[in-house]
Amino acid sequence: MKTTKTLIAAAILAACAVPALAQVPAGYPATYKQIVDAAKKEGKLVIYGATDSKAAQPLIRDFNALYPGITVEYNDMNSTEVYNRFISEVAAGGGTADVLWSSAMDLQIKLASGGYALPYRSVEAGKIPGWAVWKDMAYGTTFEPAAIVYNKRLVTGAEVPQTHADFAKLIVQPKFQDKVTSYDIEKSGVGFMFMTQDAQDYKDFANLQQAFGKAKLRVQSSTGTMLERISSGENLIGYNVLGSYALVRAKTDPSLGVVLPKDYTLIMSRVQFINKSAKNVNAAKLWMDYLLSQRGQTIIANDSKLFAIRGDVKGETTSSELIEMVGEKNIKPIPVGTDVLEYLAPAARMAFLKNWKETAGKK
């Protein structure tokens, strides 16, 4: 499990001699100045995020350059930790996050639909796909694929799977026993979401589960651990690995190969909402709008490399680039909405996990 870390973005603050320079972004209504001024008085923003600090840091630096005088406290956790910590702190009546930003779309929507999100119509809402906005509360911010990742030294070109069916057929071979990895769906929120989406989208999911069982699947709670073990050869291939992280690492790691399945590629979007009881609510609004803005999305595409969701952004990792790579008909975005909650109901979750353990979880 990823260790919780706190990142205080204050370096830009120190370099800004005149905090009063914060201005209303071009094209925003004049009334937006009221939010900017109120946020400066708050002077702080607390974010709980399931985005690695390394990827979040460029956004925080640029946000501070745009709005000097607001210190950002970024708490880096895995997706399940974000949910559990927030729920625990709210129940205890103590301080908690102003903004939650997580790859576990289902857990985020569970919180938002459960009354924890502040309704806020972002100035930038019209610039992102309609499927990425839920009731002006929860917003998708990225366009990230679920990928198959393999060790290029140990998996030959003829073996590399191009579809989900290819993958299921491959991993039952003796060579791959004890050498296949994916998320621990009991501990990883995004891993559980990806797998339950597969259960709905892939007609031969039962066969895939059985293949995992025959391969003696090895599970991890983080993308980083999976990539390390595939790169080293301890595992040969990984399933539903977060493609944004995998594609970036593969550019500098010659051992890693990445496949975006040609039958369909699931697209996850990191969902963000403002805590309805946020202490720094105006700073939270600035951050929400910034992350969805062309400026913020350009940072996401070129520095954070998480795949920008906006279609008008250019850079290294964008939704348009990904659609071109995979083909529009093969892209399956997971909508930001209550449909993702189907397997979070206690009975449904228990039934899915029980079936998973009895098939894919066999050792």
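All values derive from a computational prediction rather than experimental measurement.

A. Representation of the overall build of the protein. The secondary structure content of the protein amounts to 14 helices and 14 strands. Radius of gyration (C-alpha) of the protein: 21 Å, near the 21 Å computed for a compact globule of 363 residues. By principal-axis analysis of the C-alpha atoms, the protein measures approximately 65 × 40 × 35 Å. Taking all 363 residues of the protein together, the buried fraction comes to 58%. Nonlocal contacts in the protein, meaning residues at least 24 apart in sequence, comprise 79% of its contacts between residues at least 6 apart.

B. Region of interest: the side chain of Q272. With respect to the helices and strands, Q272 occurs in strand β13 (residues 271–274). Polar side-chain contacts of Q272 include one of 2.7 Å to the side chain of W287.

C. Expanded view of the environment of K357. Residue position: K357 is located in helix α14 (residues 346–358). K357 gets classed as partly exposed once you look at its relative accessible area, which sits at 45%. K357 sits 148 residues away from Q209 along the chain, and the two C-alpha atoms are 9.5 Å apart.

D. How the structure looks around the pattern of salt bridges. A complete count under the given rule lists 16 salt bridges for this structure. E73 serves as the salt-bridge partner of K44, at 3.4 Å between the closest nitrogen and oxygen. Here K44, found in strand β2 (residues 44–49), pairs with E73, found in strand β3 (residues 71–76); they are 29 residues apart in sequence, far enough to count as distant. Among the residues examined, K44 registers a relative accessible area of 36% and is labelled partly exposed. Since its relative accessible area comes to 18%, E73 is described here as buried.

E. Structural view of the pairing of strand β4 (residues 99–102). On β4, burial covers both faces: V99 and W101 on one face and L100 and S102 on the other are all buried. Pairing of β2 with β4, which is carried by three bridges, proceeds in the parallel orientation. Within β4, the position partnered with Y48 by the bridge is L100. Sheet topology note: the β4/β13 ladder contains four bridges and is antiparallel.

F. Main features of the pairing of strand β10 (residues 237–242). Within β10, six of the six residues are buried, which leaves it mostly tucked inside the rest of the structure. Two elements, strand β7 (residues 144–151) and β10, share four bridges in a ladder whose sense is antiparallel. Across the sheet, Y150 pairs through a bridge with I237, a residue of β10. As defined by bridge partners, strand β8 (residues 180–183) adjoins β10 across two bridges and the pair is classed as parallel.

G. Highlighting the environment of L292. With respect to the secondary-structure elements, L292 resides in helix α11 (residues 281–292). Looking at L292, the relative accessible area reads 0%, which means it is buried. Along the backbone, L292 and R310 are 18 residues apart, and their C-alpha atoms lie at a distance of 7.9 Å. Apart from the residues within four sequence positions on either side, L292 is in contact with S122, E124, I128, Y139, G140, T141, Q297 and R310.

Rules of the game
- Residues numbered from 1 in each chain as written.
- Predicted model: local features only at pLDDT ≥ 70, side-chain atom pairs only at ≥ 80, totals over all residues.
- Heavy atoms only, no water.
- Helix = DSSP H or I, 4+ residues; strand = E, 2+ residues; numbered from the N terminus.
- Rg over C-alpha atoms; globule rule 2.2 N^0.38 Å.
- Buried < 20%, exposed > 50% of the residue type's maximum accessible area, 1.4 Å probe, protein only.
- Contact = heavy atoms within 4.5 Å.
- Polar contact = N/O pair within 3.5 Å; in protein donor to acceptor, adjacent residues only side chain to side chain.
- Salt bridge = Lys/Arg side-chain N within 4 Å of Asp/Glu carboxyl O.
- Pairing = 2+ DSSP bridges.

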